[in-house]
Each structure stands twice: as C-alpha cells, then as structure tokens.
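Observations on the three-dimensional arrangement
Residue strings, one per chain:
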Amino acid sequence: MSRMTADLHEAVIVIAREAGQAIMAVYENAFDVQRKSDDSPLTAADMAAHQVIADGLRRLTPQWPVLSEEASDIPWGERSQWPTYWLVDPLDGTREFIKRNGEFTVNIALIEQNEPIFGVVHAPVTGETWHARQGRNAYRRIGEVDAQIRTRAPARGTLKVAASRSHRDARTQAFLDGMGVIEEVSLGSSLKFCRIAEGTLDVYPRFGPTSEWDTAAAQCVLEAAGGALLAPDGRAFRYNRRETLLNGDFVALGDMTLPWRDWLARARDGDHGHARSA
C-alpha cells in the first residue's frame, strides 16, 4: 500500500492551489487558443498548470509516475506496470475557461491498484477545494476552513440533474425523460461531481467520451461523501486497465437507492429508437 499521509495530503492541496494561481494569471489577461490533434482546445493556462503540478508531484513523490492530460503519451506497456501513480487534469474544462464562465477545475488523483485512493479538485475562480482519501470523509475547503460534505440521501422530491442543453443526445434525453420531474442544471468540469458530493446536485449521467483524468479525483471525493460513479453494469469506475484512456458511459449519483438502472434501460431504448428512426 502507498503511504498517503496527512502531510502529503496537505502538500498536494497546496500544489493544486498553486496550479490554480497559474491558471488565473492567464485567465485574467488575453490568451491564445491552440488546437490539439483531437481538436480539443489548449491554452497557456493548461501548460502552466501542468508544469506546476508535474514538478510539484515529482519533488514530493519521485517514486510515483505522473500521468497528465498534457503528458499522456506513455506506452501502455510501461504504464500497465504501474501499481501507484498520479492521474492529473491540470485544467479540466478548458472550453469553460475560454468562455470565461469560471466553471473549470484542477484535478489531482492518486491511483493505487486501479482505484482512486486520494483526490483533490480545486476551483480557481471561487477558491473552493474538495478533497478526500478513500475510506475517510470528504471535505470542501474555503480559505483554510474544512467542512465535511455528504451527498443528499435519501434524495426526496425534485431531483437536480447535471445535464447540458447544448450537448443532448438521444440516450441522455431518454434517461432524463425516465426520471420524471427534475431540475436540470448546466455546469462544467468536475464541479458536477463535487456538487453531488456536497448534496446540491443529485445525478449526472454521461453518454459519450470523457477521459480518465476527467473523473478520477472527483470520484474519490464523491465516494467518500457517500455517492458513486458507476458504469452501466453497476461497477465502480477503475483506471489504467486498458490501452485507451477514454472512459465509457457512466452515472454519478449521490443516493445509491435511486432507480438508476431503470433510467439506463430507458436510455438504451432511446438510443435504439433513435437508430431505427435515423
């Protein structure tokens, strides 16, 4: 087992906040937007945050490799041998960063035996930091004050669901239709998971590509707060098990007793109906 100590826990929070400061230094001024090979956007803030985090983690724990969105070209044969490593998204929500809506985060997770055992999610604009260790409580830190957070369970009344109106496919619409009366909330980056963890959102369905660094840190926080991030077969997400770094479909929820399997069945039916009508 790795040695995730209280001192290391705090040191990583400091690194996440320093990365946030590097991001804000770019955010508050004019910046250029480049395109990566997959056409996703890249800014100087992504690279500045990556450098802060990569350098900081290597100083802290030189024995553990760092897999970052901005340095992910590591052969499968090499990383498949990693029992413990850092999984990082230096700037989760680059599109939101470009829109200047504040809905972006710094994500740092420690993965051990394919599970996220420690996670920090930092929101540079608000200064909020969510953090947790596996098997312990989850917290939201504002300034230097931690408050324990828990999901809303049981989730009674109108469910609050993270869903984008601008990126709505047939499966997502069918999933939402099966939920009955809901309140839809549009929110970027890992903030969706963190709001579920603190009980202000209830469910986040995702059909379509995300990457492992998009979910790992927030999954640790969500699980420590009483929630779950589940694949369609009901299993919790695991990491670094395949050559691809892309995630499959998932549902994040705060109340495990919600009928999420029924909603997923509706989503599958909706996808088939869309295919037949196409």
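Within every chain, residues take consecutive numbers counted from 1 along the sequence as written. Under the rules for a predicted model, residues below a pLDDT of 70 receive no local features and side-chain atom pairs below 80 are neither given nor counted, while totals for whole chains, interfaces and linings still include all residues. Excluding hydrogens and water, the side-chain figures rest on all heavy atoms present in the structure.

1. Some thoughts on the sheet that holds strand 4 (residues 84-92)
We apply this condition: Strand pairing is assigned whenever DSSP identifies at least 2 bridges connecting the two strands. Going along the chain from the N terminus, every DSSP run of H or I of four or more residues is numbered as a helix, and every run of E of two or more is numbered as a strand. The axes used here are C-alpha line fits, helices contributing only the stretch in contact, and every angle between their N-to-C directions lies in the interval 0 to 180 degrees. Any two residues whose heavy atoms approach within 4.5 Å are treated as being in contact.
Strands sit in the order 3-4-5-6-7-8-9 across an open sheet of seven strands; the sheet is mixed. The open sheet is flanked by strand 3 (66-68) and strand 9 (145-149), the only strands paired with a single partner. For this sheet, the mean inter-axis angle between neighbouring strands, taken without regard to orientation, is 20°. Of the strand pairs in this sheet, strand 7 (residues 129-133) and strand 8 (residues 138-142) are connected by four bridges, and their pairing is antiparallel. Among the inter-strand pairings, Thr129 is bridged to a residue of strand 8, identified as Arg141. On top of the sheet, helix 1 (residues 6-27) reaches strand 4, strand 5 (105-112), strand 6 (115-122), strand 7 and strand 8; it is set at about 40° to strand 6, its chief contact. Across the sheet, helix 7 (residues 212-224) lies against strand 3, strand 4, strand 5, strand 6, strand 7, strand 8 and strand 9, angled at about 95° from strand 6, the strand it touches most.

2. Structural notes on the nonpolar core
The tendency in soluble globular proteins is for nonpolar side chains to be buried as a group. Applied cut-off: What makes a nonpolar core is a set of buried Ala, Val, Leu, Ile, Met, Phe, Trp, Tyr and Cys residues whose side-chain atoms join them at distances within 4.5 Å. Three labels apply to residues, based on accessible area from a 1.4 Å probe with only protein chains included: buried if under 20% of the type maximum, exposed if over 50%, partly exposed otherwise in between.
Counting residues in each nonpolar core, the largest one holds 37 residues, and the members touching the most others are Leu87, Trp130 and Phe193. It is helix 7 that contributes the most residues to this core, eight residues altogether. Not counting residues within four places of it along the chain, the set of residues in contact with Leu87 comprises Leu67, Asn107, Ile108, Ala109, Ile111, Glu212, Trp213, Ala216 and Tyr239. Counting 29 residues, the second-largest nonpolar core is a separate cluster that includes Leu8, Ile13, Trp64 and Ile117.

3. Considering the layout of surface pockets
Where we set the bar: Here a cavity denotes grid points, spaced 1 Å and computed from the protein atoms alone, that fit a 1.4 Å probe unable to get out, and a pocket denotes an open set having protein on both sides within 12 Å along at least 5 of 7 lines; residues with an atom within 4 Å of a point are the lining. Grid points are joined across faces, edges and corners, and a volume is the space filled by probe spheres set on the points. Residue classes follow a fixed rule: Ala, Val, Leu, Ile, Met, Phe, Trp, Tyr, Cys and Pro count as nonpolar, while Asp, Glu, Lys and Arg count as charged, and any other residue, Gly among them, counts as polar.
Reported here for the largest pocket is a volume of approximately 1,400 Å³. Along its surface, the largest pocket is lined by 49 residues, and Arg95, Arg206, Pro209, Thr210 and Asp214 are the ones closest to its centre. Among the elements of the structure, strand 4, helix 4 (94-99), helix 6 (191-197), strand 12 (203-206) and helix 7 are those that each provide at least two residues to the lining of the largest pocket. The greatest single-element share of the lining of the largest pocket, amounting to four residues, is contributed by helix 4. Grouping the amino acids of the lining of the largest pocket by side-chain chemistry returns 15 nonpolar, 18 polar and 16 charged.

4. Points about the confidence of the model for the protein chain
Short version of the rule: Per residue, pLDDT captures the predictor's confidence, and it can take any value from 0 to 100.
Averaged over the protein chain, the pLDDT score is 93; the fraction of residues at 70 or greater is 95%. Residue range residues 273-278 is modelled with pLDDT below 50. Its contacts to residues more than four positions away, or to other chains, number one contact.

5. Focus on the environment of Ala44
Structurally, Ala44 is set in helix 2 (residues 44-60). The partly exposed category is assigned to Ala44, whose relative accessible area is 46%. When the C-alpha positions of Ala44 and Glu184 are compared, they lie 32 Å apart, and in sequence the two are 140 residues distant.

6. Some details on the pairing of strand 7
Every other side chain in a regular strand lies on the same face of the sheet, so the side chains alternate between the two faces. By the criterion of burial, strand 7 is predominantly enclosed, with five of the five residues buried. Here strand 7 shows a buried face lined by Thr129, His131 and Arg133 and a second buried face lined by Trp130 and Ala132. The antiparallel hairpin formed by strand 6 and strand 7 contains six residues in its connecting segment, where Gly127 sits at a positive phi of about 80°. If you look at the hairpin formed by strand 7 and strand 8, you'll find four residues sitting between the two strands, and Gly135 has a positive phi there, around 80°.

7. Some remarks on the pattern of salt bridges
Filter applied, for reference: We define a salt bridge as a side-chain nitrogen of Lys or Arg found within 4 Å of a carboxyl oxygen belonging to Asp or Glu.
Under the criterion given, the structure shown has twelve salt bridges. A salt bridge links Arg195 to Glu198; the nearest nitrogen and oxygen atoms lie 2.7 Å apart. Using a relative accessible area of 18% as the deciding quantity, one classes Arg195 as buried. Beyond isolated ion pairs, a larger network of salt bridges with shared partners links Glu128, Arg140, Arg195 and Glu198.

8. Topic: the packing of helix 1 against helix 2
For clarity, the cut-off: For this classification, under 35 degrees means roughly parallel, over 145 means roughly antiparallel, 65 to 115 means roughly perpendicular, and everything else is oblique. Helix crossings are classified by the rotation of the near helix relative to the far one: an anticlockwise turn of less than a right angle makes the crossing left-handed, while a clockwise turn makes it right-handed.
Where helix 1 contacts helix 2, the axes come no closer than 8 Å and their chain directions differ by 160°. When the interaxial angle is binned, helix 1 and helix 2 end up roughly antiparallel. For the pair helix 1 and helix 2, the crossing hand works out as right-handed. Listed contacts from helix 2 to Leu8, Ala11, Val12, Ile15, Glu18, Ala19, Ala22, Ile23 and Val26 of helix 1 are Ala44, Ala45, Ala48, Ala49, Val52, Ile53, Gly56, Leu57 and Leu60. Grouping the amino acids of the contact of helix 1 with helix 2 by side-chain chemistry returns 16 nonpolar, one polar and one charged.

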